[in-house]
Every structure is written in structure tokens, then in C-alpha cells.
Amino acid sequence: MIIDHNHPIYKKRRNGAGNNKYNGAYYYSLDIIRHIIPKVKTDRNWVTINMPELTKTDVNLDHSIIFIHNNLQPNAYQWLRKYKDLILVCGVPSTTEKIKFFGTPVYLPLSVNVKQIEKYRRNIKDKKVAFAGRRNKLNNHVPSSIDILTDMPRYRLLQEMARYEEIYAVGRTAIEAKILGCNIKVYDERFPDPKFWKVIDCSESAKTLQQILNIIDGEEL
């Protein structure tokens, strides 16, 4: 069983989210479905988005792989207490400690479809610096004078980021900016070193996740 961004409950939520529908969890889910799940052998269920509403349905998520997207608010995953034998995939090492009460946390570095991102790369950059990401991530470490790239579909965000020499970004956005030839600027104190964001392709993540599952569940099926 795979529960992802195509689930009716999530679709309804996203349709009412306004510009916030252009969030990293949604786009990561797309890549998980297309480029990670097909390459991993397991008898576990998959849940690629955070959807507490599932506790009000008859869906049984025991023995599932859950992708954790929210690194700041672990309580957003309290609903997982209802289920047993969960593997919780975290993209930031510190999150594993925060959500260990809900299942077995594992660290899987964030990844992207590198070839897809490379298509947006430009040989000539005509702009200096910008912030890229959700507007609610802006803080006083981001100069008020720079351009703000937010509230736009991913393809447009990639097109715009490719024009800049420097980008303030974290997470998969920072990885994408690196692929586009941008220098990463720091604004989130949790990630003081831009080198933390490694350019990793989803196909490599699939291999790493398979190795993790083999250790937890035994050799691949």
C-alpha cells in the first residue's frame, strides 16, 4: 500500500492551501514515488506525506515506511503512536532523536532527481542574490534588500534560481540551487555549513534505503 500526495484527503488539503501548496514535502513526495519506491524491495507500506487524518479512517499503517518532513515540530507526528513497527525516514540527523518515540528513525540524506534539475542550469547568470523557499522561513538573517523567490510552482522556482549567483536556501532547495551553480548562503542557524547539503540523486537514496531496510528487516525480498 502506498499513501502519497494523490490521496483524496491530501488533495483536498492542498487545494485549499493557497500558495503554501508549493511546499517541499509535496515535491519530495513526487520524487519518492517516481524515483525511490520503484527501486526498493520491501513488504512494508509507504507513506510519503504527513496526514494525521488517516487515524480517522480504517487504514492500518502498521509495518510502514513513513517519510518525515517537519524537522521543527515533532509533535506533528504524534498520530503515528497509533501504529506499530514503523520506520521513520528523516532527512536531518537531529530529527531522528526527536521522533524516536513514534517508531524506528533512520537518517536518509535528502536527494533530488539531478538530471531533471540540470535542465534548468544557465551558462550565464544575470542576478546576484536571492532567498528561495517558503515565505514563513524568512528571518532576520536574510537581508531585506534581496529578491525573494517564493509562492511559485517548482519549475518556475528552478528557472528563477538558475539566474542567481547566490541563494539563501535550506533542504532540497539548497541542493537544487547547488546543481544550478549557485553558492549557498546561510540563514538557518541549524545549518551553519552549506556543505551539509550534498548533491545526491534519488537513485542513490534508493540504494541507501534498501541497505537500511536489509539491516532492519533482513536481506531484500
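Given the structure is predicted, the values throughout are model-derived calculations rather than measurements. (Residues numbered from 1 in each chain as written. Predicted model: local features only at pLDDT ≥ 70, side-chain atom pairs only at ≥ 80, totals over all residues. Heavy atoms only, no water.)

Of note, the phi angle at Asp85 is positive, near 60°, even though the residue is not glycine. Mapped onto the fold, Asp85 is located in the loop between strand 3 (64-68) and strand 4 (87-90). Positioned with a positive phi, Asp151 is a non-glycine residue whose angle comes to about 55°. Residue position: Asp151 is located in the loop between strand 7 (147-149) and helix 5 (154-161). (Helix = DSSP H or I, 4+ residues; strand = E, 2+ residues; numbered from the N terminus.)

Before going further, it helps to examine the layout of surface pockets. Roughly 1,400 Å³ of volume is contained in the largest pocket. Around the largest pocket, the lining is made up of 49 residues, and of these Asn23, Gly24, Ala25, Arg134 and Lys137 lie nearest the centre. For the lining of the largest pocket, the secondary structure elements donating two or more residues are helix 1 (8-15), helix 2 (24-36), helix 5 and helix 6 (171-179). The residue inventory of the lining of the largest pocket, partitioned by class, reads 21 nonpolar, 16 polar and 12 charged. (1 Å grid on protein atoms, 1.4 Å probe; cavity = no way out; pocket = protein on both sides within 12 Å on 5 of 7 lines; lining within 4 Å. Points joined across faces, edges and corners; volume = space filled by probe spheres on them. Nonpolar A, V, L, I, M, F, W, Y, C, P; charged D, E, K, R; others polar.)

Two elements in contact, helix 2 and helix 7 (residues 202-217), have axes whose closest approach is 9 Å; the angle formed by their N-to-C orientations is 75°. Regarding the angle of helix 2 to helix 7, the classification is roughly perpendicular. Residues Asp31, His35 and Ile36 of helix 2 form the contact with helix 7, whose own contacting residues are Cys202, Ser203, Ser205, Ala206 and Leu209. Of the residues in the contact of helix 2 with helix 7, the class split is four nonpolar, three polar and one charged. (Axes fitted to C-alpha atoms, helices over the stretch in contact; angles between N-to-C directions. Parallel < 35°, antiparallel > 145°, perpendicular 65-115°, else oblique. Contact = heavy atoms within 4.5 Å.)

This part is about helix 5. Of the positions making up helix 5, those classed as buried are Arg154, Leu157, Leu158, Glu160 and Met161. Along the long axis of helix 5, the arc covered by the buried residues comes to 165°, so they all point the same way. Where helix 5 is buried, its residues touch helix 2, helix 4 (114-118), strand 6 (127-132), strand 7, strand 8 (164-168) and helix 6. (Buried < 20%, exposed > 50% of the residue type's maximum accessible area, 1.4 Å probe, protein only. Arc of directions from axis to C-beta.)

The subject of this paragraph is the pattern of salt bridges. Summed over the entire model, instances satisfying the criterion amount to 14 salt bridges. With its nearest N and O atoms 2.4 Å apart, the salt bridge here joins Glu97 to Lys100. Taking the relative accessible area as the measure of exposure, Lys100 reaches 40% and is therefore partly exposed. One salt-bridge network, held together by shared partners, links Asp31, Arg154, Arg172 and Glu176. (Salt bridge = Lys/Arg side-chain N within 4 Å of Asp/Glu carboxyl O.)

Read across the open sheet, the five strands follow the order 1-2-3-4-5; overall the sheet is parallel. This sheet does not close on itself; its edge strands, each paired only once, are strand 1 (2-3) and strand 5 (104-107). Pairing between strand 1 and strand 2 (residues 45-47): two bridges, direction parallel. Following the sheet pairing, Ile2 is matched in strand 2 by Trp46. (Pairing = 2+ DSSP bridges.)

According to the stated counting rule, one finds eight aromatic pairs in the structure shown. Centre to centre, the rings of Tyr26 and Tyr27 are 5.1 Å apart; their planes meet at 75°, and the pair counts as edge-to-face. Centre to centre, the rings of Phe191 and Phe196 are 5.6 Å apart; their planes meet at 25°, and the pair counts as stacked. We classify Phe196 as partly exposed; its relative accessible area is 29%. Among the aromatic side chains, those forming a connected cluster through ring pairs are Tyr28, Trp46 and Phe67. (Phe/Tyr/Trp six-rings, centres within 6.5 Å; stacked < 30°, edge-to-face > 60°.)

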